[in-house]
Every structure is written in C-alpha cells, then in structure tokens.
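Secondary and tertiary structure notes
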Amino acid sequence: MAKNIAKILKQTSDKIYIKASGAAGAEPSWVAADEIGYTDEASLTVEAKKVTVAEGGGAAIQANSDYTIKINALQVLDSATILALKNTLCWIMVKPTGTVSATNQEIKIKNVIINVETKIDASKNQKSALMISAQKSEYDETQVYTFVSTSTTVS
C-alpha cells in the first residue's frame, strides 16, 4: 500500500518556550516567556498510549489516553527559573522556523505539570543538558495540545 507522505508532520522548530499557566489553567500571556533550549539541539515529543476497558463481550473500549511529553535541550534556563517551574502547571509553545501558517504551525502543549532533570557536564567539549517531562491522562487530545496557524507574540 502506498503511503501518503502529506500526512507526515515535518517541521523544523525555531524556539521552544515555557510559561506558567494563567488563572484556572488558561493560556498565559507569552510576554517574557522563558526559552527552553537552543534551537539546533531542542526536541519535543508527545506520545499517546491508549487506556482501554474490557467489555463483557470481550471488546476493548478506549476510555482514555496517557500522554507523555518530553523535551530535551541544551540548558539555557538558569537554576532559579528551573526550580520555579518544577511541579508547576505550565504551557509549552514550539515556534516553527519561518512564517507561521496553515502548513507551518505553532504547537502549544496545554496545562502540564512539568518535571525537570539536568545533566551538567563541565568537561571539555561536553554539553549541559536539560530534560523536561510531563505526563497527562486525558480523553480529549485538544486538552493536551493544539496546532495554531497564527503567530503568537513573544517579547
């Protein structure tokens, strides 16, 4: 069977930002948002695994999805910022390279409690790394992430 390559998301990210959620989990103002990592080293993955309930007749009904979100980047946040965001409800925004449009969209991860791991390597030619991860169980994927085709201002 031929594969439809138009269905494969290929997008280069320019910057990844993080900000504590607004009141009642609303999208925050992205003014003074913190950049998570250098663009050539940052990567974001979102993975969903189904949660099923067995029906009496033997059918498996999907009841939910468990989402795992991971970001790996070279560390650019200072330790005070990292500590302030740990175990905090946050929004994460991925800005694509180039102009934001219907085919080059921003990705916004909504209301996740983040965990932070750091690897500090001060030896010659080594890099200090930052890993941000989050887990969320949700039926409606629009409550986990969204694609946006208009640019969000970050200053």
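Worth saying up front: this structure is predicted, and the values here are computed from it rather than measured.

Per-chain confidence: the protein chain averages 82 in pLDDT, with 85% of residues scoring 70 or above. Averaged over each element, pLDDT in the protein chain is lowest for helix α1 (residues 79–85) (76) and highest for strand β6 (residues 106–113) (91).

Once that is clear, we can look at the nonpolar core. In this structure, Ile18, Ile36, Ile92, Val112, Ile114 and Ile132 are the most contacted members of the largest nonpolar core, which totals 21 residues. Those elements that provide at least two residues to this core are β1 (13–20), β4 (60–74), α1, β5 (89–96), β6 and β8 (129–138). In terms of residue count, the dominant contributor to this core is β4 (4 residues). In terms of nonpolar packing, the next biggest core, distinct from the first, is built from 5 residues, Tyr17, Trp30, Ala33 and Met93 among them.

Another aspect to go through is the sheet that holds strand β7 (residues 115–119). Read from one edge of the open sheet, 4 strands run β3-β4-β8-β7, paired in antiparallel fashion. With one partner strand each, in any of the chains shown, β3 (43–54) and β7 form the two edges of the open sheet. Along the sheet, successive strands turn relative to each other by an average axial angle of 20°, direction set aside. Sheet analysis places β4 next to β8, joined by 10 bridges and oriented antiparallel. Counterpart to Lys70 in the pairing with β8 is Ser133.

For Ala32, which is not a glycine, the phi torsion comes out positive at approximately 60°. Counting through the fold element by element, Ala32 comes out in the loop between β1 and β2 (34–35). Relative accessible area serves as the criterion here: at 53%, Ala32 is assigned to the exposed category. Phi angles above zero are rare outside glycine, and Asn111 is one such case at about 45°.

Cut-offs applied
- Residues numbered from 1 in each chain as written.
- Predicted model: local features only at pLDDT ≥ 70, side-chain atom pairs only at ≥ 80, totals over all residues.
- Heavy atoms only, no water.
- pLDDT = per-residue confidence, 0-100.
- Helix = DSSP H or I, 4+ residues; strand = E, 2+ residues; numbered from the N terminus.
- Core = buried A, V, L, I, M, F, W, Y, C linked by side-chain atoms within 4.5 Å.
- Buried < 20%, exposed > 50% of the residue type's maximum accessible area, 1.4 Å probe, protein only.
- Pairing = 2+ DSSP bridges.
- Axes fitted to C-alpha atoms, helices over the stretch in contact; angles between N-to-C directions.

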